[in-house]
Amino acid sequence: RAAFKDEDVEAIQRVVDEAIASKVKSLNLGRDTSAAAGIVIVSCWSVGQCYAKKDAGHTDRRYPAWDGVREVCKYYRERQVRVLAVLNPKVARDRRVPEDLAEEVVLPPGSCVHGVPEADNFCTELFLYRLTM
């Protein structure tokens, strides 16, 4: 991970916290924490990379294998579990999110929001971890 200035880290933390608050509010959980039991958080990157290792046809390792993300989402949907699939905003800019995954894919704030161009990976990890809390 790149070294960031303290003020950059604080800015990233602030925009991530705001994005998490907004996302949680949009899930309409209210005070019912048992509703959160029907939600799973996944990393598009991790799922996609694991799937890509098995799929000889997926040769571009810079991007997640959408078929892997699709399989995970299908698995949980069939069990009535809502999926929040976190995707790095840089990947979303470079590769369009497939329409059938658009409802599950969640984007953390990108560099245009937090103002630190090299921090998208850090911001994505922070968003993923805080979303699980």
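Reference entry: report on the structure contained in this document. (Residues numbered from 1 in each chain as written. Predicted model: local features only at pLDDT ≥ 70, side-chain atom pairs only at ≥ 80, totals over all residues. Heavy atoms only, no water.)

## Section: the overall build of the protein
Broken down by element type, the protein carries 6 helices and 3 strands. Seen in sequence order, the protein has helices and strands lined up from the N terminus as α-β-α-α-β-α-β-α-α. Sequence separation of at least 24 residues holds for 59% of the intrachain contacts in the protein that already meet a minimum separation of 6. Accessible surface for the protein amounts to roughly 8,300 Å². Of this, 50% is attributable to carbon and sulfur atoms. (Helix = DSSP H or I, 4+ residues; strand = E, 2+ residues; numbered from the N terminus. Contact = heavy atoms within 4.5 Å. Areas by Shrake-Rupley, 256 points an atom, 1.4 Å probe, with all protein chains shown as cover.)

## Quick look at the packing of helix H2 (residues 44-54) against helix H3 (residues 66-78)
At their nearest, the axes of H2 and H3 sit 7 Å apart, and the two run at 110° to each other. Here H2 lies roughly perpendicular to H3, going by the angle between them. Regarding H2 and H3, the two cross each other, and that crossing is right-handed. Residues Cys44, Val47, Gly48 and Tyr51 of H2 form the contact with H3, whose participating residues are Trp66, Asp67, Gly68, Val69, Glu71 and Val72. Looking at side-chain class alone, the contact of H2 with H3 contains 6 nonpolar, 2 polar and 2 charged residues. (Axes fitted to C-alpha atoms, helices over the stretch in contact; angles between N-to-C directions. Parallel < 35°, antiparallel > 145°, perpendicular 65-115°, else oblique. Left-handed = near helix turned anticlockwise from the far one by under 90°. Nonpolar A, V, L, I, M, F, W, Y, C, P; charged D, E, K, R; others polar.)

## Some words on the environment of valine 83
Checked against the element boundaries, valine 83 lands in strand S2 (residues 82-86). Judged by its relative accessible area of 2%, valine 83 is buried. For the pair valine 83 and valine 40, spaced 43 residues apart in the sequence, the C-alpha separation amounts to 5.1 Å. (Buried < 20%, exposed > 50% of the residue type's maximum accessible area, 1.4 Å probe, protein only.)

## A look at the sheet that holds strand S1 (residues 39-43)
In spatial order, the strands read S1-S2-S3; together these 3 strands make up an open sheet with parallel pairing. Strand pairing shows two members of the sheet lacking a second neighbour, S1 and strand S3 (105-106), which therefore form its edges. Bridge analysis of S2 against S3 gives 2 bridges, and the strand direction is parallel. Across the sheet, the residue bridging to valine 86 is valine 106, located in S3. (Pairing = 2+ DSSP bridges.)

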